[in-house]
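Structural description and commentary
Here is what each chain is made of, one letter per residue.
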Amino acid sequence: MSDSATGTAGPCIITVAITGSVPRKEDNPAVPITVAEQIESTQEAFEAGASIVHVHVRDEAQRASSDPDKFAAFQEGVRRHCPGMIVQFSTGGRGRAPEERGAMLHHAPDMASLATGSVNFPNMIYENPPDLIDSLAETMLRHRIKPEVEVFDLAMLYAAAEMAGDERLETPLHVQFVFGLKNALPPRREILEFEVAQLKALQPDATWTAAGIGRSQLEVNHWALEMGGHCRTGLEDNIRFDRSRLAASNAELVARVANLCDEYGRHPASCREARAILNLPDAA
């Protein structure tokens, strides 16, 4: 089994970020907006090799939504059609009021995203004040939800380690390093290598994923595979397959990562393997 904190090769957990809060049908018709579309897109990605789905829901005007009923319906559909797949709700802040960002966590997904600091996004400040971070973390503890710590800047890693130290976050941590977002960390391998080294020093048992936004997606996938980490892909982060065309689906992007695994002596983690790596219980 993979020990991603030490960089030992093993199964690669592929996360598919299916929708996000920004891409619209006008950008790529394959972006799934309705819950039914999201479930169908997730099932296709599951069959292509994804073992985690990261979800944002949208309203009828394609705007980011915090509607708990939509999150619940999505989770129910995935659990029915994708046995064992890990469901990860987004608590992200684009287009959502702070008090709404954890409004769906009582549905107890397997995981939820948790940014442990604020950062500049291209056209806004992604605000995560300490009291909001603590409130979301406490809710995740209460509902036995494993956070995926979102690291857009190095300070967020140290903040997460501090939270783990005083038991505001359970260990082992799972961390996602994000690259390529304007005004945040650029996609440079030496930055990822430094962050992973710091993670090993701070939380030796932690696991990690790397995500590249836009044109950096595939390059970051290669780095994570070579370094023993896990990969994220999907239309939330990149609506294109390559410079010449749009991605046909989330499944196409997942299949590309699944096919890359063999180059690095790895294979896409099954849902059971992913749950074991992340210290999550088996699916009911």
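Notes on the structure follow. (Residues numbered from 1 in each chain as written. Predicted model: local features only at pLDDT ≥ 70, side-chain atom pairs only at ≥ 80, totals over all residues. Heavy atoms only, no water.)

**Some thoughts on the overall build of the protein**
- Within the protein, the regular secondary structure consists of 8 helices and 14 strands.
- For a compact globule of 284 residues, the expected C-alpha radius of gyration is about 19 Å, and the protein comes in at 17 Å, within 12% of that figure.
- In terms of overall dimensions, the protein has C-alpha extents of about 45 × 45 × 40 Å along its principal axes.
- Counting all 284 residues of the protein, 55% fall into the buried class.
- Considering only contacts within the protein whose residues lie at least 6 apart along the sequence, 70% involve residues at least 24 apart.
- In the form shown here, the protein has an accessible surface area of approximately 11,700 Å², with 50% of it arising from carbon and sulfur atoms.
- The protein carries 27 positive and 40 negative side-chain charges, and their two centres are separated by 4 Å. (Helix = DSSP H or I, 4+ residues; strand = E, 2+ residues; numbered from the N terminus. Rg over C-alpha atoms; globule rule 2.2 N^0.38 Å. Buried < 20%, exposed > 50% of the residue type's maximum accessible area, 1.4 Å probe, protein only. Contact = heavy atoms within 4.5 Å. Areas by Shrake-Rupley, 256 points an atom, 1.4 Å probe, with all protein chains shown as cover. Lys, Arg positive; Asp, Glu negative; His and termini not counted. Charge placed at Lys NZ, Arg CZ, Asp CG, Glu CD.)

**A word on the pattern of salt bridges**
- Per the stated rule, a full pass over the model turns up 18 salt bridges.
- Close ionic contact of Arg 168 with Glu 162 constitutes a salt bridge, the shortest N to O distance being 3.8 Å.
- Residue Glu 162 is classed as exposed on the basis of its relative accessible area of 53%.
- Salt bridges here are not isolated pairs; linked through shared partners, they connect Asp 134, Glu 162, Asp 166 and Arg 168. (Salt bridge = Lys/Arg side-chain N within 4 Å of Asp/Glu carboxyl O.)

**Side note on unusual backbone geometry**
- Looking along the chain, the bond that leaves Thr 171 and enters Pro 172 is cis, with omega of 0°.
- Inspection of the secondary structure assignment puts Pro 172 in the loop between helix 4 (154-165) and strand 10 (174-179).
- The phi dihedral of Glu 167 falls on the positive side, at around 65°, and the residue is not glycine.
- You can see Glu 167 is positioned in the loop between helix 4 and strand 10.

**Some points on the pairing of strand 2 (residues 52-55)**
- Side chains Ile 52 and His 54 project from strand 2 onto one buried face, and the interleaved Val 53 and Val 55 project onto a second face that is buried too.
- Bridge analysis of strand 1 (residues 14-17) against strand 2 gives 3 bridges, and the strand direction is parallel. Paired with Val 16 across the strands is Val 53, a residue of strand 2.
- For the crossover that starts at strand 1, traverses helix 1 (residues 35-48) and ends in the parallel strand 2, the hand is right-handed. (Pairing = 2+ DSSP bridges. Right-handed = clockwise from strand over helix to strand, strands pointing away.)

**Some words on the pairing of strand 9 (residues 146-151)**
- A large share of strand 9 lies buried, amounting to 6 of its 6 residues.
- Alternating residues of strand 9 divide into Lys 146, Glu 148 and Glu 150 and Pro 147, Val 149 and Val 151, and every residue in both groups is buried.
- For strand 9 and strand 10, the ladder comprises 3 bridges, and the chain directions are parallel. For Val 151, the partnering residue across the bridge sits in strand 10 and is Phe 177.
- Viewed along the sheet, the connection from strand 9 through helix 4 into strand 10 turns out right-handed.

**Some details on the packing of aromatic side chains**
- Taken as a whole, this structure holds 6 aromatic pairs when the rule is applied.
- Ring geometry for Phe 121 and Tyr 126: centres 4.8 Å apart, planes at 35°, overall tilted.
- Judged by its relative accessible area of 7%, Tyr 126 falls in the buried class.
- Judged by centre distance (6.2 Å) and plane angle (55°), the ring pair of Phe 177 and Trp 208 falls under tilted. A residue pair is termed long-range when its members are at least 10 positions apart, and Phe 177 in strand 10 and Trp 208 in strand 11 (residues 207-212) qualify at 31 residues.
- Judged by relative accessible area, Trp 208 falls into the buried class, the value being 0%.
- Ring pairing ties together the aromatic residues Phe 121, Tyr 126 and Phe 152, which thus form one cluster.
- One Lys or Arg, Arg 256, reaches over the ring of Phe 241 and ends 4.2 Å from the middle of that ring. (Phe/Tyr/Trp six-rings, centres within 6.5 Å; stacked < 30°, edge-to-face > 60°. Lys NZ or Arg CZ within 6 Å of the ring centre and 35° of its normal.)

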